[in-house]
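Residue strings, one per chain:
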Amino acid sequence: MPGMTTLVRRALPEDAEEVIRLRQVMIDSLARSDASTGWHAESLPVLRGRLAEPDGVFAAFVVDHPERPGALAALVAGTIDYRIGGAGNPQGTDGYVFSVATDPDTRRRGYARACMEGLLEWFRERGARRVRLTASTQAEPMYVSMGFRLKPNPLLELRL
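Residues numbered from 1 in each chain as written. Predicted model: local features only at pLDDT ≥ 70, side-chain atom pairs only at ≥ 80, totals over all residues. Heavy atoms only, no water.

K.L.:
What am I meant to see in the packing of helix H1 (residues 16-29) against helix H2 (residues 40-51) here?
P.N.:
Each pair of packed helices gets described by two things: the angle between the helix axes and the distance between those axes. Running from N to C, H1 and H2 point in directions that differ by 120°, and their axes come no closer than 9 Å. Taken together, H1 and H2 sit at an angle that is classed as oblique. The interaxial crossing formed by H1 with H2 has right-handed handedness. Taking contact as the criterion, the partners of Ala16, Glu17, Val19, Ile20 and Gln24 in H1 are, on H2, His40, Ser43, Leu44, Leu47, Arg48 and Leu51. Here the residues of the contact of H1 with H2 sort into 6 nonpolar, 3 polar and 2 charged. (Axes fitted to C-alpha atoms, helices over the stretch in contact; angles between N-to-C directions. Helix = DSSP H or I, 4+ residues; strand = E, 2+ residues; numbered from the N terminus. Parallel < 35°, antiparallel > 145°, perpendicular 65-115°, else oblique. Left-handed = near helix turned anticlockwise from the far one by under 90°. Contact = heavy atoms within 4.5 Å. Nonpolar A, V, L, I, M, F, W, Y, C, P; charged D, E, K, R; others polar.)

This is the structure we're talking about:
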């Protein structure tokens, strides 16, 4: 959709409540998700602080809701991570994408893709040579169309 990227902007501290609302939309869409919202109040001040750091390692890109002033239609968030360099990425700078969500009433308008393009540009500007994400089966075709490739996932997790 031409011109779509003009709708994308970097999220600001005053967007924090809406960013958390859309993160919950994403969480609710996942199988085996925890529908608890008790974490919102504790997360809000931390998120506001991160959104206030223009040169930090975290960024969120959003599209404002076209029918509801003050609401967001879409969200993509990501971080820059450092890993010890290797042949394909000597500086060890990776981008990691998470919390991709679109408000249910604004889906299929290209908003998530436009936000992803904004985040990918932010990663490029910061020297990221590789970007990783975990996709739902519904979102996977969009990522593949943007050049992402499915990798075998040897991910292990430990809760501390």
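Picking up where we left off.
K.L.:
Honestly, helix H3 (residues 111-125) in this entry has me stumped. Any pointers?
P.N.:
For an α-helix, the turn length of 3.6 residues means that residues three or four places apart are oriented alike. Look at H3: 21 Å from first C-alpha to last across 15 residues, which is about the 21 Å you get at 1.5 Å a residue. The complete set of buried residues in H3 reads Tyr111, Ala112, Ala114, Cys115, Met116, Gly118, Leu119, Leu120, Trp122 and Phe123. Looking at the packing, one finds that the buried side of H3 touches strand S1 (8-10), strand S2 (58-64), strand S3 (72-82), strand S4 (93-102), strand S5 (130-133) and helix H4 (140-145). Positive phi shows up at glycine 127, right after H3, with a value of about 85°. (Expected span 1.5 Å × (residues − 1). Buried < 20%, exposed > 50% of the residue type's maximum accessible area, 1.4 Å probe, protein only.)

K.L.:
Please clarify how the nonpolar core should be interpreted in this entry.
P.N.:
Looking at soluble globular proteins, one finds that nonpolar side chains tend to be buried together. Counting 23 residues, the largest nonpolar core has Met116 and Phe123 as the members making the most contacts within it. Of all the secondary structure elements, the ones that give two or more residues to this core are S2, S3, S4, H3 and H4. In terms of residue count, H3 provides more of this core than any other element does, 9 residues in total. Beyond its immediate chain neighbours, meaning those up to four positions away, phenylalanine 123 contacts Gly78, Thr79, Ile80, Gly95, Tyr96, Val97, Ala128 and Val131. Counting residues in hydrophobic clusters, the runner-up holds 18 residues, among them Ala11, Ile20, Val25 and Ile27. (Core = buried A, V, L, I, M, F, W, Y, C linked by side-chain atoms within 4.5 Å.)

K.L.:
What should I look at first to understand the sheet that holds S1 in this one?
P.N.:
Think of a sheet as strands paired side by side through backbone hydrogen bonds, with each pair either parallel or antiparallel. Taken together, 5 strands build an open sheet; the order of strands is S1-S2-S3-S4-S5 and the sheet is mixed. Only two strands of the sheet have a single neighbouring strand rather than two, namely S1 and S5. Each strand of the sheet is rotated relative to its neighbour by a mean of 25°, with strand direction disregarded. In this sheet, S3 lies alongside S2 in antiparallel orientation, the contact comprising 7 bridges. (Pairing = 2+ DSSP bridges.)

K.L.:
Any chance you could explain the packing of aromatic side chains here in plain terms?
P.N.:
Here the distance between the centres and the angle between the planes together describe a pair of aromatic rings. Taken as a whole and assessed by the stated rule, the structure comprises 4 aromatic pairs. Arranged with centres 5.7 Å apart and planes meeting at 55°, the rings of tryptophan 122 and phenylalanine 123 form a pair that is tilted. Owing to a relative accessible area of 3%, tryptophan 122 belongs among the buried residues under this scheme. Residue phenylalanine 123 is classed as buried on the basis of its relative accessible area of 1%. Each residue in the set Phe58, Tyr96 and Phe98 is aromatic and connected to the rest through ring pairs, giving one cluster. (Phe/Tyr/Trp six-rings, centres within 6.5 Å; stacked < 30°, edge-to-face > 60°.)

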